[in-house]
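This is what each chain is made of:
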Amino acid sequence: MIRVNGADRPLPEDPRILLSDHLRHGLGLTGTHVGCEHGVCGCCTVLVGGRPVRACLLLAVQLDGQEVTTIEGLAPDAATLHPIQQAFHECHALQCGFCTPGFLLAVKGLLDDHPDPTESEIQEGISGNLCRCTGYANIRRAVRRAADLSRGAR
Amino acid sequence: MTTRWFGERVPRREDARLLRGAGRFTDDVGEQALEGCFVRSPYAHARVLTVDASAARRHPGVHAVYTARDLPFGERDLPLLIPHPALTHGRTQRCLAGSTVRYAGEAVAFVVADNRYVAEDAADLVEVEYEPLPVVWPLEAAAEARALVHDDVPGNVAAELTQESGDVDRALASASHRRRFRFRYERGAAAPLEARATWARWDAHEGRLTMYDSTQSPTSIRGGLAVLFGLPESSVEVIAPDVGGGFGPKIMLFYPDEILVPFAAMRLRRPVKWTEDRREHFTAVNHERGQVHEVEVGHDAEGRLLALDVDFINDAGAYTPYGIILPIITAGQIPGPYRVPSYRVRFRDLYTNATPTSPYRGAGRPHACFVMERTLDAIAADLGVAREEVRRRNLIQADQFPYDVGVAWQDGNRVVYDSGDYPGLLDKALHQLGPRPAGDHIGMGLGMYVEGTGVGPYEGAHVQVLVGGKVIASTALPTQGQAHATVFAQLVADQLGVAPDDVTVTTGDTRRFQWGVGTFASRAAVVAGNAMAVAAGMVAEKAKRIAAEHLEVDEADLELVGGQVRVKGSPDRGLPLAAVAVLSNPVRYAFGGGTEAATQFAPRPRPGPPLPAGEQPGLEATGYFSPTGSAWASGCHAAWVRVDPRTLRLEILRYVVVHDCGRVINPTVLEGQIQGGVAQGIGGAFYERLAYDAEAQLRNASFMEFLMPYATEIPDVVIDHQETPSPLNPLGVKGAGEAGVIPVGAVIASAVEEALGVSITEMPLSPLRLFELTRPPA
Amino acid sequence: MKPSPFRYHAPGSLEEAVGLLASLEDSKVLAGGQSLVPLLNFRLARPAHLVDINRLPGLDRIYERDGGVAVQALVRQADALRSATLGRLCPLVPEALQHVAHQVIRNRGTVVGSIAHADPAAELPAVLLALEGEVVARGPGGERRIAAGDFFRGVLESALEPDEIATEAWFPAFTGPHGLREESRRHGDYAMAGAVRAGARLALFGVAPTPVTADPEDPARDLQPSGDIEATPEFRKHLVAVLTQDLFAA
């Protein structure tokens, strides 16, 4: 079994099914997106054991007994957004939204390690995710805002 | 109406679902669809001798394998979308290649299986025997025409067009200064993060085809499929759901899957889908931008342009489905914001054995801008005059509008600029740029452009106030991240006196709105935006008409504010819009929601039938906007750039954009478009390159080697506005979607030239290219 | 792009893993997967068997031995980057890791895996070479230690036999002058050329079929780098000179 967003879910039979495909089509969690299948674009980023990783570079069967958090598991509930999500909204850090789930989880990993990141830590933390729409400036702003929101600022 | 929302930084309505991963992109539709996979030619030019799909068909989990022979339309060429009299030798491909493939990546067979894994296994089993033919590549080789892409197209020339305004030969002959240049722009790729995807279901009971498609034109897909499959249009529904970036290549139609997926769905009586993978995206999806220009300019001792003579070749790729719009745009946009008393432009659109081309953000304008801006920079250098000064001396002045350039535009009219203040842009940009930073190997980049936006033929909108008081609006053109659901909600909200949060906008769904064109060429805000305002305005007028009867006042005394239709100056005398919606539909049965007020025994406002002649029930209206001509946006980019002389690395120290898209509906959305466009421009100027080898095989079909910029490569752009409203539409808006990308190549080239002291006449650049330019072989 | 079919094995012990590699025809080891899985997805690699070593117990430690630091097979690059032991005894390794791909890749990729993959443009093989470290390999016949100078044989080719697993990389302690400089097109990309300094020793990467040692005074001598889209041989040699100059300037 694989524990996805706190619930036990089955694994696929075929070992070659990528985690990205299993999440999307096996488990119906289509919030994780597929942009390249070679680990470069970051659209498929999920958390495994709390750390951001590329779902397209993992076989689903490798996650037996492990904890996976997808974008669907980031917000605390249906009425509330996670501070990172709120920050992205406030800062207009998304346009088409395709890269957004991957960025949100990568930023979660960044802020878990660096709750008060420097500019260079922000750049480093988001530099593994591609965005073709926004040109990144608002994403950088959103990360700063997310750090503030997470620390309780208003 | 209010003007409360126009110009406001309204936060986006579409964010919540996208942030939660609850967006619905085409591959998300699922529903146990079978999945397709293409077999594609590895050769750029070859005869297809045999295609043996027998082993593939036998593979477990395979439902069908189609080759050209298996298709009832297999011998039909795909549509040539934009015919033109000069396109004498237009050619389009077939759904699946017949006897010849003409670019590496051209589709040869289509496998449908239980899932993509199995489909790829089966695709590996399809055996195709090819006989390679001589390859026409690169573009210059196409011009030499030692080999032909199409046997019946002499010289590989699809089209040739010459246009002239003024008398170039005379002006050149009498010019005190003449220079010649050659500029080369390589083809590039848009590479949206969501590759293409199609999903289709055939409902045999209802005789209805439903398709989800990551397309920029659902209405065109619907129309084409109806024609191809002999179905009434009313039986074909096409929806562009959430789309992960378009940038141009998704306006191209028809890609083979757009026909094969619905065809398979109808044949197999199962939903079928196809989702492109990144590797095939690089060759299966259209490119743009390959051009080589020979330029001669004549000018006076002050640097004022007297004549410009341009002869260019355009890389069409292997087919011309999109006609010759791209070179027409380039030809029309070369003069830019400058006065060119005599201008002649000739182009030849040439076939090459590479992926066909169609618009990519900028669509012909980046090259045009590059040609003009590099020419002006060269004149400045020759005369020892500052680059900005040469521009000032040539800019069209604010009192010269409308300004007829004298050549054709892509809407069939001439290039006529409607409004602008070009000197103002330049001054603002230089002011924002600020002084030269300290340090070595620093250069200033400068680039100005105009952009014809808001092209027709039209768009429409439907707006309706529901009995609950909420407003719905829809338009046919789709969305790929441009915040249409927010921007259009602002326009409707202003007309109806409600808040944008009360307005839900649907785009790109032929079930909701079936008449329209598409999202491309920076036209949505102008054309669909104005249609929204027209339709909402009609609803407002109807609301006042109905309310006036019930309140027994004059329509002219009413206004729509705060969700009410109320008497001006007497805010307590009015009706909620929701109530007006109820009253607009006389009912027999009061089924709730306040409908008692509209039944037959309720007080009647006027004599006559419950539904007056010529009136329709419902507080709704459908309106259209059809522009008479393009609205011309403009801008100036300026930058300080440093090039490390040892590593040849590019550092952008400051990048400024001052741009003019007329009146701005939502500044936050606009700035996001510009920042994103500049990022794509930087990518195209210095990082991305389609690396073809001599056999026209793409060597870097992956994100590992096609280098799209990350955050570390893109600075924050300083953005400033200027507004010269367009007189050509009621809202006074101009388009902005492509503005960020158009002059970036010219700006980077200009800066690098100064930083390194070498002449830059080509795009793209890279550290390697700069190394070669600064260290010529011994 | 989906992998072609394979049989998947997740052994629970090193002996079992080695036994599988020895007995199965056409098998590959799956560790971090950040290099292998893209190859599977592109169908550039089509092994009949995958042996997933991620469940092997007791192989995720960083520990001191023999005057250096041992990094076991399942240590993720992200953990090595943060390791106090490496930071204290061999800071060149964490410094090099900052240049390896991106954080999200490092969360999964392993130090030993990167070395065993033997990509000539990768940082860690060159670091191992500059430090004169070694790789510990376990095969059916037992364990052997392979010096860095003998380990890298060619492009993506190491001295590991098909039935061997690299269980540990050992880096000699070194706190003298050190550094890594590379020139890549984007942040985190494979380098067009790179240089690693450990004291007076210089190792280069991205400029030969394997990482190579070089003379800091004339680093490009005898180099015959390959050419590709982003860099010609001449440009690589030029970059090597620039990077070496920067490394030894201090």
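Student: Explanation requested: the overall build of chain C in the structure shown.
Tutor: Each helix and strand counted, chain C has 10 helices and 14 strands in total. A compact globule built from 250 residues should have a C-alpha radius of gyration of about 18 Å, and chain C, at 18 Å, falls within 12% of that. With respect to the principal axes defined by its C-alpha atoms, chain C has extents near 50 × 40 × 30 Å. Evaluated residue by residue, chain C yields a buried proportion of 62% over its 250 residues. By sequence separation, contacts in chain C at least 24 residues apart represent 61% of the contacts at least 6 residues apart.

Student: I tried to follow the overall build of chain A on my own but got confused; where do I start?
Tutor: For chain A, the count of helices and strands is 5 helices and 5 strands. Element order for chain A, N to C, with α for helix and β for strand: β-β-α-β-β-β-α-α-α-α. Computed over the C-alpha atoms, the radius of gyration of chain A is 15 Å, within 12% of the 15 Å expected from 2.2 N^0.38 for a compact globule of 154 residues. Expressed along its principal axes, the backbone C-alpha trace of chain A runs to roughly 45 × 30 × 25 Å. Counting only residues that meet the buried cut, chain A has 64% of its 154 residues in that class. Pairs at least 24 residues apart make up 59% of the contacts formed inside chain A by residues separated by at least 6 positions. Surface accessibility of chain A: about 4800 Å² in total, with carbon and sulfur atoms responsible for 48%. Taken together, the 14 basic and 17 acidic charged side chains of chain A have centroids lying 7 Å from each other.

Student: Quick question: what am I supposed to make of the sheet that holds strand β8 (residues 177-185) of chain B here?
Tutor: Two orientations exist for strands paired in a sheet by backbone hydrogen bonds: parallel and antiparallel. Ordered in space as β7-β15-β14-β13-β8-β29 (chain B), the 6 strands form an open sheet in which the pairing is mixed. The outermost strands of the open sheet, each flanked by one partner alone, are β7 (157-165) and β29 (762-763) of chain B.

Student: Would you mind showing me how to read the state of the cysteines here?
Tutor: A covalent bond bridging the sulfur atoms of two cysteines is what the word disulfide describes. Residue and element names in this part refer to chain A. Under the defined criterion, the tally for this structure stands at 0 disulfides over all chains. Here Cys-131 stays free of any disulfide, with the sulfur of Cys-99 as its closest cysteine sulfur at 3.8 Å. Overall, the relative accessible area of 7% leaves Cys-131 in the buried class.

Student: Just checking my understanding: could you explain the interface of chain A and chain C for this structure?
Tutor: Put simply, an interface is often sized by how much accessible area is lost when its parts join up. At the junction of the two partners, chain A supplies 26 residues and chain C supplies 33 residues. Put simply, chain A and chain C have 14 residue pairs in polar contact (both at pLDDT 80 or more) between them. Elements that contribute at least two residues to the side of chain A that touches chain C include exactly β4 (51-54) and α3 (100-113) of chain A. Here the side of chain A that touches chain C gets 4 residues from one element, more than from any other, and that element is β4 of chain A.

Student: I keep staring at the interface of chain A and chain B and nothing clicks. Help me out?
Tutor: Of the residues lining the interface, 53 residues belong to chain A; the matching set on chain B comes to 49 residues. Interface of chain A and chain B: buried area, both sides summed, is about 4100 Å²; carbon and sulfur atoms make up 57% of it. Inspection of the chain A/chain B interface yields 6 salt bridges. For Arg-24 of chain A, the salt bridge identified is with Asp-27 of chain B, shortest N-O distance 2.7 Å.

Student: Where do I start with the packing of helix α13 (residues 484-496) of chain B against helix α14 (residues 524-551) of chain B in this structure?
Tutor: For any two helices packed against each other, one specifies the inter-axial angle together with the distance between the axes. All names here are of chain B. Interhelical geometry of α13 versus α14 gives an angle of 30° and a closest axis separation of 8 Å. The way α13 lies across α14 gives a crossing that is right-handed. For the pair formed by α13 and α14, the contact residues are His-484, Phe-488, Leu-491, Val-492, Gln-495 and Leu-496 on the first element and Ala-524, Ala-525, Ala-528, Gly-529, Met-532, Ala-533, Ala-536, Gly-537, Val-539 and Ala-540 on the second. Class assignment for the residues of the contact of α13 with α14 results in 12 nonpolar, 4 polar and no charged.

Student: Looking at this structure, I do not really get unusual backbone geometry. What am I missing?
Tutor: Residues and elements named next belong to chain B. Between Leu-253 and Phe-254 the backbone carries a cis peptide bond, its omega angle lying at -5°. As for its placement among the helices and strands, Phe-254 is situated in the loop between β11 (236-239) and α7 (256-268). Following Gly-456, the chain continues to Pro-457 via a peptide bond in cis, the omega torsion being 0°. You can see Pro-457 is positioned in the loop between β18 (442-453) and β19 (459-465).

Student: How should I be thinking about the pattern of salt bridges in this particular structure?
Tutor: Per the stated rule, a full pass over the model turns up 101 salt bridges over all chains. Where Asp-28 of chain B meets Arg-24 of chain A, a salt bridge forms, and the shortest distance between an N and an O atom there is 2.7 Å. A residue pair is termed interchain when its members come from two chains, as with Asp-28 of chain B in the loop between α1 (15-19) and β1 (34-40) and Arg-24 of chain A in helix α1 (residues 19-26). In terms of burial, Asp-28 of chain B and Arg-24 of chain A fall into one category: buried. Put simply, Arg-116 of chain B and Glu-120 of chain B hold a salt bridge, and the shortest N to O gap is 2.9 Å. Placement of the pair is Arg-116 of chain B and Glu-120 of chain B together in helix α3 (residues 116-125), with a separation of 4 residues, close to one helical turn. Like Glu-120 of chain B, Arg-116 of chain B is buried.

Student: Any chance you could explain the packing of aromatic side chains here in plain terms?
Tutor: Each aromatic ring pair is specified by the distance between its two centres and by the angle formed by the two planes. Residue and element names in this part refer to chain B. Counted under the stated rule, the structure contains 27 aromatic pairs over all chains. Between Phe-282 and Phe-703, the ring centres sit 6.0 Å apart and the planes meet at 85°, which makes this aromatic pair edge-to-face. Residue Phe-282 is found in helix α8 (residues 278-284), and its partner Phe-703 is found in the loop between α16 (667-687) and β28 (718-721); the two are separated by 421 residues along the sequence. Accessibility assignment for this pair places Phe-282 and Phe-703 in one class, buried. For the pair Phe-282 and Phe-706, a centre-to-centre distance of 5.0 Å together with 65° between the ring planes defines the contact as edge-to-face. Of this pair, Phe-282 sits in helix α8 while Phe-706 sits in the loop between α16 and β28, and the two are 424 residues apart along the sequence. For the pair Phe-282 and Phe-706, a shared accessibility class is recorded, and that class is buried. Among the aromatic residues, those joined into a cluster by ring pairs are Phe-401, Tyr-403, Trp-409, Tyr-417, Tyr-422 and Trp-632. Over the ring of Phe-6 we find Arg-663; its NZ or CZ atom is 4.2 Å from the centre of that ring.

Student: Please explain helix α10 (residues 233-249) of chain C as it appears in this structure.
Tutor: Side chains that are three or four residues apart share a direction in an α-helix, a result of its 3.6 residues per turn. When the terminal C-alpha atoms of α10 of chain C are compared, their 24 Å separation across 17 residues agrees well with the 24 Å that a helix rising 1.5 Å per residue should span. When we look at burial in α10 of chain C, the residues that qualify are Phe-235, Arg-236, His-238, Leu-239, Val-240, Val-242, Leu-243, Thr-244 and Leu-247 of chain C. Close packing links the buried residues of α10 of chain C with α18 (767-774) of chain B together with β11 (178-183), β12 (193-198) and β13 (201-205) of chain C.

Student: Hey, could you run me through the nonpolar core in this one?
Tutor: Soluble, globular proteins show a tendency: their nonpolar side chains are buried together. Core analysis: the biggest nonpolar cluster contains 194 residues, and Phe-88 of chain A together with Tyr-417 and Phe-703 of chain B have the highest contact counts within it. Beyond its immediate stretch of four places on either side in the chain, Phe-703 of chain B contacts Gly-35, Cys-36, His-38, Val-40, Cys-41 and Leu-130 of chain A, Ala-191, Leu-193, Arg-278, Phe-282 and Met-708 of chain B together with Arg-186 of chain C. Core analysis: the next-biggest nonpolar cluster, separate from the first, contains 72 residues, Leu-29 of chain A together with Ala-96, Leu-131 and Val-196 of chain C among them.

Student: Help me out: how do you make sense of the packing of helix α9 (residues 325-333) of chain B against helix α10 (residues 365-383) of chain B in this one?
Tutor: All names here are of chain B. The interhelical angle for the contact between α9 and α10, taken along N-to-C directions, is 30°, at an axis separation of 8 Å. Compared by their axis directions, α9 and α10 come out roughly parallel. Judged by the twist between their axes, the crossing of α9 over α10 is right-handed. Residues Ile-329, Thr-330 and Gln-333 of α9 lie in contact with α10, whose contacting residues are Arg-365, His-367 and Ala-368. Looking at the contact of α9 with α10 residue by residue, the classes come out as 2 nonpolar, 3 polar and 1 charged.

Student: For this particular structure, what's the right way to read the sheet that holds strand β6 (residues 134-139) of chain C?
Tutor: All names here are of chain C. Strand order in the open sheet formed by 5 strands is β4-β5-β10-β6-β7, and the pairing between neighbours is antiparallel. If you trace the sheet from one side to the other, it starts and ends with β4 (62-65) and β7 (142-147), each paired once. The average undirected angle you get between the axes of adjacent strands in this sheet is 25°. Docked against the sheet, helix α1 (residues 14-23) engages β6 and β10 (165-172), running at close to 115° with respect to β10.

Student: When you look at the environment of Arg-102 of chain B in this model, what are you seeing that I'm missing?
Tutor: Residues and elements named next belong to chain B. Position of Arg-102 relative to the elements: it lies in the loop between β4 (100-101) and β5 (107-113). Remark: the alpha-carbon pair of Arg-102 and His-45, spanning 57 residues in sequence, is separated by 4.5 Å. Contacts of Arg-102, omitting those with residues within four sequence positions, involve Ala-44, His-45, Val-149, His-150, Ala-318, Tyr-319, Thr-352, Asn-353 and Ala-354. Only 2.9 Å separates the side chain of Arg-102 from the backbone oxygen of Val-149, close enough to count as a polar contact. Within the structure, Arg-102 has its side chain in polar contact with the side chain of His-150 (distance 3.3 Å).

Conventions and cut-offs
Residues numbered from 1 in each chain as written. Chains lettered and ligands numbered in written order. Predicted model: local features only at pLDDT ≥ 70, side-chain atom pairs only at ≥ 80, totals over all residues. Heavy atoms only, no water. Helix = DSSP H or I, 4+ residues; strand = E, 2+ residues; numbered from the N terminus. Rg over C-alpha atoms; globule rule 2.2 N^0.38 Å. Buried < 20%, exposed > 50% of the residue type's maximum accessible area, 1.4 Å probe, protein only. Contact = heavy atoms within 4.5 Å. Areas by Shrake-Rupley, 256 points an atom, 1.4 Å probe, with all protein chains shown as cover. Lys, Arg positive; Asp, Glu negative; His and termini not counted. Charge placed at Lys NZ, Arg CZ, Asp CG, Glu CD. Pairing = 2+ DSSP bridges. Disulfide = S-S within 2.5 Å. Polar contact = N/O pair within 3.5 Å; in protein donor to acceptor, adjacent residues only side chain to side chain. Buried area = accessible area lost by both parts, 1.4 Å probe. Salt bridge = Lys/Arg side-chain N within 4 Å of Asp/Glu carboxyl O. Axes fitted to C-alpha atoms, helices over the stretch in contact; angles between N-to-C directions. Left-handed = near helix turned anticlockwise from the far one by under 90°. Nonpolar A, V, L, I, M, F, W, Y, C, P; charged D, E, K, R; others polar. Phe/Tyr/Trp six-rings, centres within 6.5 Å; stacked < 30°, edge-to-face > 60°. Lys NZ or Arg CZ within 6 Å of the ring centre and 35° of its normal. Expected span 1.5 Å × (residues − 1). Core = buried A, V, L, I, M, F, W, Y, C linked by side-chain atoms within 4.5 Å. Parallel < 35°, antiparallel > 145°, perpendicular 65-115°, else oblique.

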